[in-house]
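Residue-level listing of the chains:
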Amino acid sequence: MMEKKGSEKWAKAVPGLLALSFLGLLLVTGREARSVEGLDNFDHQGKKLYEAGEATPEIYLSADSGDRNLASFYELRQYPGSPPRIPHKVDLSFSGNETDCLSCHAKGGYSPEFGKFVPVTPHPENSLCYQCHVPLTEEKPFVASDWQSIEPPRLGRSFLSSSPPTVPHSLQLRENCIACHTGPGAVAEIRVAHASRGNCRQCHVPAVQTDELREFQRK
Amino acid sequence: MTITIDRRRFIQSAAAGSAIAAAGAIFPGISFGAWPKVAGNTGVVSWQKTPCRFCGTGCGVLVGVVDGRAVAVKGDPNCSVNKGLCCMKGYHSVQALYGTDRITTAKIRKNGEMVEVPIQEALDLVAAKLKETRDKHGKDSVAIYGSGQWTIPDGYVASKLFKGCLSTNNVEANARLCMASAVTGFMTSFGIDEPMGCYEDIDHANVFITWGNNMAEMHPVLFSRMLANRKRRTNVKIIDFATRLTRTSQAADTSILFRPQTDLAVANAICHEIIANDWVNWNFVNEHVSFHKGKTNIGYGTEDHFAFTDQDEAISFEEYKKFLADYTPERVEKISGVPAKDIKYMAALYGDPALKVTSFWCMGMNQHTRGTWINNLVYNIHLLVGKISTPGNSPFSLTGQPSACGTVREVGTLTHGLPHGVVMNEHDRQMAAEIWEVPVANIDPKPTYHTVEMFRALDRGDIKFIWIQVTNPMVTMPNLKRYREGAKKDDRFIVVSDVYPTPTTDVADVILPSAFWIEKEGMFGNSERRTQHFAEIVKPPGEAMSDTWQIIEVARRLGFEKQFPWSKEDYIEKIWEEYRKFHAGPKHEMASYQVLRARSGVQWPFVNGKETRWRFNPQYDPACTNGKDFDFYGKKDNRAWIWARPYEPAAESPDSEYPFWLNTGRVIEHWHTGSLTRRIPVLHNAVPSGYVEMHPEDAAQLGVVNGEKVRIISRRGEIVMPAQINGRGVPPRNMVFVPFFDESYLINEVTLDAFCPISKQPDYKKCAVRLEKA
Ligand code: SF4
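Reading the values: the criteria
Residues numbered from 1 in each chain as written. Chains lettered and ligands numbered in written order. Predicted model: local features only at pLDDT ≥ 70, side-chain atom pairs only at ≥ 80, totals over all residues. Heavy atoms only, no water. Helix = DSSP H or I, 4+ residues; strand = E, 2+ residues; numbered from the N terminus. Areas by Shrake-Rupley, 256 points an atom, 1.4 Å probe, with all protein chains shown as cover. Rg over C-alpha atoms; globule rule 2.2 N^0.38 Å. Contact = heavy atoms within 4.5 Å. Lys, Arg positive; Asp, Glu negative; His and termini not counted. Charge placed at Lys NZ, Arg CZ, Asp CG, Glu CD. Pairing = 2+ DSSP bridges. Near = heavy atom within 4 Å. Nonpolar A, V, L, I, M, F, W, Y, C, P; charged D, E, K, R; others polar. Axes fitted to C-alpha atoms, helices over the stretch in contact; angles between N-to-C directions. Parallel < 35°, antiparallel > 145°, perpendicular 65-115°, else oblique. Left-handed = near helix turned anticlockwise from the far one by under 90°. Domains from an automatic or database assignment. Buried area = accessible area lost by both parts, 1.4 Å probe. Salt bridge = Lys/Arg side-chain N within 4 Å of Asp/Glu carboxyl O. Polar contact = N/O pair within 3.5 Å; in protein donor to acceptor, adjacent residues only side chain to side chain. Buried < 20%, exposed > 50% of the residue type's maximum accessible area, 1.4 Å probe, protein only. Expected span 1.5 Å × (residues − 1). Disulfide = S-S within 2.5 Å.

With that settled, the discussion passes to the overall build of chain A. For chain A, the count of helices and strands is nine helices and two strands. If you list the helices and strands of chain A from N to C, you get α-α-α-α-α-α-α-β-β-α-α. For chain A, the exposed area adds up to about 11,500 Å²; of that, 58% sits on carbon and sulfur atoms.

Here is the structure:
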């Protein structure tokens, strides 16, 4: 499934033994020992997840508008994990004022203006929205681009045939599973049927695969 | 003219009648689904650290690589600058590698046509031309013009070649256009360059005052850290002190507008109030401050060969107080348009001993014909109340470019500079000569041309050969027309190293293809004294070569193998370890190559394995030796200097013929002249073209609506561009604002090449124009 070889540099940088010591830490996303510190950074907001689960009514968790799918989800991104651009009209003065974007995207719900259920941001604590998210005001590129992206992670991958699927993406800015994986605004393919269980990471292990991990598997 | 903004009202008025927005229906656009995918990839990515390529914030990013291609970015959680968060430019930065018009081969001009040649042939020509020009016209007829986006090794080898080997001080960098006033501000107030504080100040301050600084767009990651602090702690306020309403104004608690140039008067009035109310921290002032004055009526540098040297004179506190008598809030209200009560309000915030205050500024204070003075004046405020060099109390000069500090200020790639000290100082010259292994007589003790004068010299013909790297002066020079025509003159030879075609490569005789950012190894140095290493993460395309290596190749062709002996395998490490010798000692010690490689940035002074977060404070700074609570060791008297600097008007102010101020700057989507960010589809498509921002009533009077064309005319030139009314910024009446990222609207043909006589940094924020409906 993964024929591609890591560059020589990588192979040199992470000798097998070091990689071995990472075995228990499947969520390694950096490449050196310092990544271990990074673990804290990735997972320290578990509390947020718990609270979000608590705060969302049961009925809302299981609602499904079926309106958004993965294709339209990725349509707004330059690579899996990039900040999505804004798909709807915004005022030119787009201020990023909290009451503007977050009035809809903090809690979700139905927007009569757009006739849709609103997707919920997984990181409402970051309120300078335009820092990362831009609208589109023009279609033509300045010059053509040779950019290539990568395939998004496959869904439903497990480490054992019967175990729950792993979390295939980085948790940075996406620690709150509830936001994207539940509710009527959620993307259909990644909506979970058992959202009321709340503590997602009790069963789902973050496993962002990196070259290091793969190199270890080859040995 | 002051507005304590009611946010809601501002947004409503700013949003009204926006034609472009109305047209902004949902486009299909360029998006993920349409991009080809790296073949055979299954989403497995390896990540490698680097500082962001763009602004001086210096966020740490992790670049995802698949099959030798950069395919993704995330914030580096190990980097204390941004802790895993980036802005849109950082997140999409890697797309700037892949514009289809990348320059991948060298080109030389033959019979007026640019033709592709092997890069070695182009480098032969560069060396031969340099030598020929130098032999024929003297050592100061050749020059190099670099950038705050140069890596540290780029700037280091440029200085070594030109100053050490070729004996000319014709070394400048575009940081002259962005940080020179910050440097002279530091040197005159503290005797040593770069901020005493660090970004951690944001987590401690109660009051943030932004001086002419649209941080929400220009340093977004720092700004959102301020907002997060305001949310988390209840006692945090943001005061926006500015000449136009921006996104920073929208987010600030209070916005206070002043007339351009009158920040000088307001800063003095704040000091007047601090003294009048006896908010002075006398313990601090008596122990750590001395008072000075300099020359006044110092001119604007608009004429060729303009020269100015300041002269300092010690004064007493009483004399300083007498000087301030002119600056009562009531009198300053008349000059500045800022109500006396708002001046008193700001003074009270600085004066309240219970509040920690951090001031931020960037181009508003630096691109100023009295840039050095206004830097001094804001330090005065902090010094009078002793709010400095402690967590949260910080006069903080932000940097625009990723390595203006690292490469230009620390390596000294300015005409007067050396990696340690200045060419005028014999001891500094000796040190450089020793480390460089050149005779000390090689290093000329006289500075030559600062940037504006360098391009004037090119126009006059005093300089005949110039090598331009990593910058786009044919868009960014003020009073541009003169300098473009100068560069095009017959016997001028222009070498340009770049990654994409620009108006500067258009005037080149040789174009050298450069490796971009993570296509080569290097280091940047950000605003808070942090040095950041990045490895070669992907291969450069075609014959593209690092700017450092281009200079080494030419140096060797000129016979300086001894000074440039390194091999391609480890030249960056070797250069770093050589350069590091210049900064040995507790005031500027730099981390070793190994440490830089391992960490996501290291702050200097890096002494005994520890970073120095607050300088001049013995609790944090091992260079303090006087046994007191602070040690301002940069100055001979071990004190920080308060300067009596008056208000003097701008070089050109609106009059009946040219009744509008013209202000220029950036937007969050674009980096400088846009040569990189416009090749990032999502950023270009958000802000695809330049515009002139107008006050709605001015627009109504002129009879233009959103998107209609306006002619902007100054004494130097004119351009026609679309109006933007009630967009993201709203200038006051009689001011227009134009971003400079769009090369099809060269706003610098209109601007004025006046500069601060001390720093020689031009003022891009103020000149007079008139408008016509076009
Ligand atoms: S704030 Fe500056 S350094 Fe950080 S990601 Fe944005 S452009 Fe890059």
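Still more to cover.
Next up on the list: the overall build of chain B. Secondary structure assignment for chain B yields 26 helices and 29 strands. Taking 774 residues into account, the globule formula puts the C-alpha radius of gyration at 28 Å, and chain B, at 25 Å, falls close to it. Taking the principal axes of its C-alpha atoms as reference, chain B extends roughly 70 × 65 × 55 Å. Once local pairs closer than 6 in sequence are excluded, the contacts in chain B between residues at least 24 apart make up 73%. Across chain B, the centroid of the 90 positively charged side chains sits 3 Å from that of the 87 negatively charged ones.

Time to look at the sheet that holds strand 19 (residues 530-534) of chain B. Residues and elements named next belong to chain B. What the three strands build is an open sheet, ordered 18-19-20; its pairing is antiparallel. Every other strand in the sheet has two partners, leaving strand 18 (522-525) and strand 20 (602-603) as the edge strands with one partner each. Taken together, the two bridges between strand 19 and strand 20 define a ladder with antiparallel strand orientation. In the strand pairing of strand 20, Arg-530 is matched with Gln-603.

All names here are of chain B. In the vicinity of the ligand, the contacting residues are Cys-52, Phe-54, Cys-55, Thr-57, Gly-58, Cys-59, Cys-86, Cys-87, Lys-89, Gly-90, Pro-220 and Val-221. Taken together, the elements giving at least two residues each to the shell around the ligand come down to helix 3 (88-91) and helix 8 (220-232). Here the shell around the ligand is composed, by residue class, of eight nonpolar, three polar and one charged.

Time to look at the packing of helix 10 (residues 263-276) of chain B against helix 16 (residues 371-384) of chain B. Residue and element names in this part refer to chain B. Where helix 10 contacts helix 16, the two axes come as close as 9 Å, and the packing angle between them is 15 degrees. It follows that helix 10 is roughly parallel to helix 16 by the angle criterion. As helix 10 runs across helix 16, the sense of the crossing is left-handed. Touching Asp-263, Leu-264, Ala-267, Asn-268, Ile-270, Cys-271, Ile-274 and Ile-275 of helix 10 are Trp-373, Ile-374, Leu-377, Asn-380, Ile-381 and Leu-384, all from helix 16. A per-class count over the contact of helix 10 with helix 16 returns eleven nonpolar, two polar and one charged.

Moving on to the domain arrangement of chain B. Residue and element names in this part refer to chain B. By the assigned domains, chain B splits into domain 1 (3-98), domain 2 (121-178 + 403-565), domain 3 (184-398 + 638-644) and domain 4 (660-773). In this complex, domain 1 contributes 22 residues to the contact, which on the side of domain 2 involves 18 residues. Of all residues in domain 1, Pro-51, Arg-53 and Leu-97 bury the most surface against domain 2, accounting for 40% of the area lost on that side. Taken together, the links from domain 1 to domain 2 amount to zero salt bridges. Inspection of the domain 1/domain 2 interface yields nine residue pairs in polar contact (both at pLDDT 80 or more). Considering only residue class, the side of domain 1 that touches domain 2 consists of eleven nonpolar, eight polar and three charged.

What follows is about the pattern of salt bridges. All names here are of chain B. One pass over the structure, following the stated rule, counts 58 salt bridges over all chains. The shortest N-O distance in the salt bridge between Asp-742 and Arg-678 comes to 3.1 Å. Separated by 64 residues along the polypeptide, Asp-742 in the loop between strand 28 (735-739) and strand 29 (767-773) and Arg-678 in the loop between strand 24 (660-665) and helix 25 (681-684) bring together distant segments of the chain. As far as burial versus exposure is concerned, Asp-742 and Arg-678 are alike and both buried. With a closest N to O distance of 3.0 Å, Glu-772 and Arg-770 form a salt bridge. Taking the relative accessible area as the measure of exposure, Glu-772 reaches 31% and is therefore partly exposed. For Arg-770, a relative accessible area of 28% corresponds to the partly exposed category. Sharing partners across several salt bridges, the network here consists of Asp-304, Glu-453, Arg-456, Asp-459, Arg-460, Asp-462, Arg-482, Lys-489 and Asp-753.

All names here are of chain B. What makes Asp-742 buried here is its relative accessible area of 1%. At 2.8 Å, the side chain of Asp-742 forms a polar contact with the backbone nitrogen of Gly-690. Of note is the side chain of Asp-742, whose polar atom sits 2.5 Å from the side chain of Ser-744. Apart from the residues lying within four places of it in its own chain, the contact partners of Asp-742 are Arg-678, Pro-688, Ser-689 and Gly-690.

Bringing unusual backbone geometry into the picture now. Of all residues except glycine, most have a negative phi; of all peptide bonds, most are trans. All names here are of chain B. Across the junction of Trp-604 and Pro-605, the peptide omega takes the value -5 degrees, indicating a cis bond. Relative to the helices and strands, Pro-605 is located in the loop between strand 20 and strand 21 (606-607). The phi torsion at Ser-167 lies on the positive side, around 60 degrees, for a residue other than glycine. Residue position: Ser-167 is located in the loop between helix 5 (152-165) and strand 7 (171-173). Its identity is not glycine, yet His-672 carries a phi of approximately 45 degrees, on the positive side. If you trace the backbone, His-672 turns up in the loop between strand 24 and helix 25. His-672 gets classed as buried once you look at its relative accessible area, which sits at 18%.

Turning our eyes to something else, we now look at helix 5 of chain B. All names here are of chain B. Taking 1.5 Å per residue, 14 residues should reach 20 Å; helix 5 reaches 19 Å between its end C-alpha atoms and fits that length. Taking burial as the measure, the 14 residues of helix 5 include 14 buried ones, the bulk of the element. At the C-terminal side of helix 5, Ser-167 shows a positive phi close to 60 degrees.

All names here are of chain A. Under the definition given, this model contains zero disulfides over all chains. Cys-101 supplies the cysteine sulfur nearest to Cys-129, a cysteine that is in no disulfide, at a spacing of 3.7 Å. Residue Cys-129 is classed as buried on the basis of its relative accessible area, which comes to 13%. No disulfide involves Cys-200; its sulfur sits 4.0 Å from that of Cys-177, the nearest cysteine.

The next point concerns the sheet that holds strand 11 (residues 289-293) of chain B. Residue and element names in this part refer to chain B. What the three strands build is an open sheet, ordered 12-11-23; its pairing is mixed. Here the strands that pair on one side only, and so sit at the sheet edges, are strand 12 (313-315) and strand 23 (640-644). Within this sheet the neighbouring strands show an average axis-to-axis angle of 45 degrees, counted without direction. Of the strand pairs in this sheet, strand 11 and strand 23 are connected by five bridges, and their pairing is parallel. Bridge pairing links Val-289 to Ala-640 in strand 23. Contacting strand 11, strand 12 and strand 23, helix 12 (residues 317-324) runs over the sheet at an angle of about 40 degrees to strand 23. Relative to the sheet, helix 16 contacts strand 11 and strand 23, its axis offset from that of strand 23 by approximately 120 degrees.

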